[in-house]
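# Observations on chain architecture
The primary structure of each chain is shown beneath.
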Amino acid sequence: MFKKLRNQFLLLNLSITSAIITLAFGFVYFLTYSNLQADIRNRLQAQPEAQMQIVSDIPDPQTAQRESQPSVRHVMTDGVSTFQVEVDANGEIVQIASSVHLPEESYRQLVEIAWNNRNEQEVIRLKNRQWRYAVSPIRVQVIGEDRIPVAGDPNTYSILFLDVTETYATLAQLLTTLLLVGALTLVVIFGISLYFANRAIQPIRESWERQKQFFADVSHELKTPLSIIHANCDALAANRDDTVASQMKWIDYIRAGTNRMTKLVHQLLTLAKADEGHPFLQMESFNISDVVNKVCRSMEAAAAGKGLSFTHSIAPDLIAKGDPDGIKQVVELLLDNATKYANPGGWIELSLARTGRHITFSISNSGPGIAKEDLPRVFDRFFRADRSRSHQDGSYGLGLSIAQSIIQQHGGEIKVKSEEQVSTTFSFAISGQ
């Protein structure tokens, strides 16, 4: 279940990330492509004389007409490989102004393709080179530095060829780079997402395990009193002719079982309210010194009966902000635990003092202590380090969980530290006034 949840989280995260990367890289590629295409169009639409400068002497036009082959003029450009061809109305080459050295056959092939596809503006691929072209009628002819109107047949056309091999190679390289960067980014994001997904799932897994353990523990705790009630009901039914007075011991056993169930249900309801975020405490200013003193006096007899040395240091008239009944319940619980788990003839030390803006309560007792591996679970519900004493004292292992909830609602934190076979200390701090 958790693996499936993690995979769904990964799939969602990678899908969103892939979409964002695709949009971002697609926009970069589209913008670059559009700029390069616009640059190509601008170069093709520019006036030929603005692009080329004839560096060789121009042959006599009459001489060129008598020659069987078209004349080729060598020109210089602004760094772009290009050539311009003048053709007649039939697409026959009249003359060529070129900045590149191509075989005559290549010129003819390029011109033929361009003339036959002059309305389509396709890219011509020839001998590992790519050419874009533009066909336009000639209105003036540039001879030297003069612009002379075309005489004779006006159906004369100019085909300007532009080498775009490097441009398209740049686009292909950009696309390859974007794909590689995108793939590597997804791999890195997958690793990071997997790490954080496992971390995110871990608390859910632990919560699920605690919940399973919680229901198992509740079922176990309810099973005992229910078994007692059921057995004593059978005993009453087997002696139905006896008087109520003679059956009181069975009734007392049933009452004890129901009391245990009532206590358990009450504690579970308290924890349920805390889990739902519903405050069950009434906050007010109260004298916490008086509350702790009263609890100590009520527990002195129990400590003396076990032969414990009970000492306490309580600062007078400390005013705290909180729920007096809740704090009283926590102090009673902690003092009761200290009395139960202190070794016979041992000691208990309790203190209440102001520490800055807080009031700190601490209680320590000698005894077997708590194992180091059990310390993180002390406040877990139904947890008891000594399982052999599960029902000897009538507790369910919920007291410390309730104490923790009460202190947390006061904005504090309850802590525990223990050294095996030496002592155990519980402490908490709440806001003072």
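Predicted model, so just to flag it, every value in this text is computed and none were measured.

In total, this model carries six salt bridges according to the counting rule given. The partner of Asp163 in a salt bridge is Arg129, with the nearest N and O atoms 2.5 Å apart. Of this pair, Asp163 sits in strand S9 (residues 157-163) while Arg129 sits in strand S6 (residues 129-137); the two residues are 34 residues apart in sequence, bridging distant segments of the chain. Residue Asp163 is classed as buried on the basis of its relative accessible area, which comes to 12%. By relative accessible area, Arg129 is classed as partly exposed at 29%. A salt bridge links Asp252 to Arg255; the shortest N-O distance between them is 2.9 Å. Residue Asp252 and its partner Arg255 are both found in helix H6 (residues 248-275); the two are separated by three residues, about one turn of the helix.

Attention now goes to the pairing of S9. For S9, the buried fraction is high: six of the seven residues fall into the buried class. Judged from the six bridges that link them, strand S3 (residues 82-87) and S9 form a sheet pairing that is antiparallel. Bridge pairing in S9 places Val85 opposite Ile159. For S6 and S9, the ladder comprises seven bridges, and the chain directions are antiparallel. From the neighbouring strand, Ser136 faces S9, where its bridge partner is Ser158.

Counting all residues, the mean pLDDT for the protein is 81, and 83% of those residues have values of 70 or more. Mean pLDDT across the secondary structure elements of the protein bottoms out at strand S1 (residues 53-54), with 40, and peaks at strand S14 (residues 358-366), with 95.

To continue, consider the pairing of S3. Most of S3 is tucked away, with six of its six residues classed as buried. Because side chains alternate across S3, one face comprises the buried residues Thr82, Gln84 and Glu86, and the other comprises Phe83, Val85 and Val87, equally buried. Sheet analysis places S3 next to strand S4 (residues 93-98), joined by five bridges and oriented antiparallel. Opposite Gln84, over in S4, you have Ala97 as the bridge partner.

Let us now look at helix H8 (residues 324-341). The terminal C-alpha atoms of H8, which comprises 18 residues, lie 26 Å apart, in line with the 26 Å expected from a rise of 1.5 Å per residue. Within H8, burial applies to Pro324, Gly326, Ile327, Val330, Val331, Leu333, Leu334, Leu335, Asn337, Ala338 and Thr339.

Here we take up helix H7 (residues 288-305). For H7, spanning 18 residues, the distance from its first C-alpha to its last is 27 Å, which sits close to the expected 26 Å at 1.5 Å a residue. At the N-terminal boundary of H7, the capping side chain belongs to Asn287, with an oxygen 3.0 Å from the backbone nitrogen of Ser289.

A few words now on the sheet that holds S14. The strand order across the open sheet formed by five strands is S11-S13-S14-S16-S15, and the pairing between neighbours is mixed. Strands at the two margins of the open sheet, each flanked by one partner only, are strand S11 (309-314) and strand S15 (414-419). Here the average twist between neighbouring strands, direction ignored, is 10°. The pairing of S15 with strand S16 (residues 423-431) spans six bridges and is antiparallel. Across the sheet, Lys417 pairs through a bridge with Thr425, a residue of S16. Against the sheet, H7 contacts S11, strand S13 (347-355), S14 and S16, and its axis sits at roughly 175° relative to S11.

Basis of the calculations
Within any chain, residue numbers begin from 1 and follow the written order of that chain's sequence. Predicted model: local features are reported for residues with pLDDT of at least 70 only, side-chain atom pairs are reported and counted for 80 or more only, and whole-chain, interface and lining totals are derived from all residues. Computation of side-chain values covers all heavy atoms of the structure but excludes hydrogens and water. Here, a salt bridge means any side-chain nitrogen of Lys or Arg that lies within 4 Å of a carboxyl oxygen of Asp or Glu. Secondary structure elements are defined from DSSP: runs of H or I of at least 4 residues count as helices, runs of E of at least 2 residues count as strands, and each element is numbered from the N terminus. Each residue is placed in one exposure class: buried if its accessible area under a 1.4 Å probe, protein chains only, is under 20% of its type's maximum, exposed if it is over 50%, and partly exposed if it falls in between. We treat two strands as partners when DSSP finds at least two bridges between them. Residue-level confidence of the predictor is summarised by pLDDT, bounded by 0 at the bottom and 100 at the top. Each helix should span, by expectation, one fewer than its residue count multiplied by 1.5 Å. Side-chain atoms alone can form a polar contact between residues adjacent in sequence; in general such a contact is a pair of N or O atoms within 3.5 Å, and within protein one must be able to donate a hydrogen while the other accepts it. For helices, the fitted axis covers only the stretch in contact; all axes are lines through C-alpha atoms, and the angles between them, taken along N-to-C directions, range from 0 to 180 degrees. Every residue pair with non-hydrogen atoms within 4.5 Å of one another is taken to be in contact.

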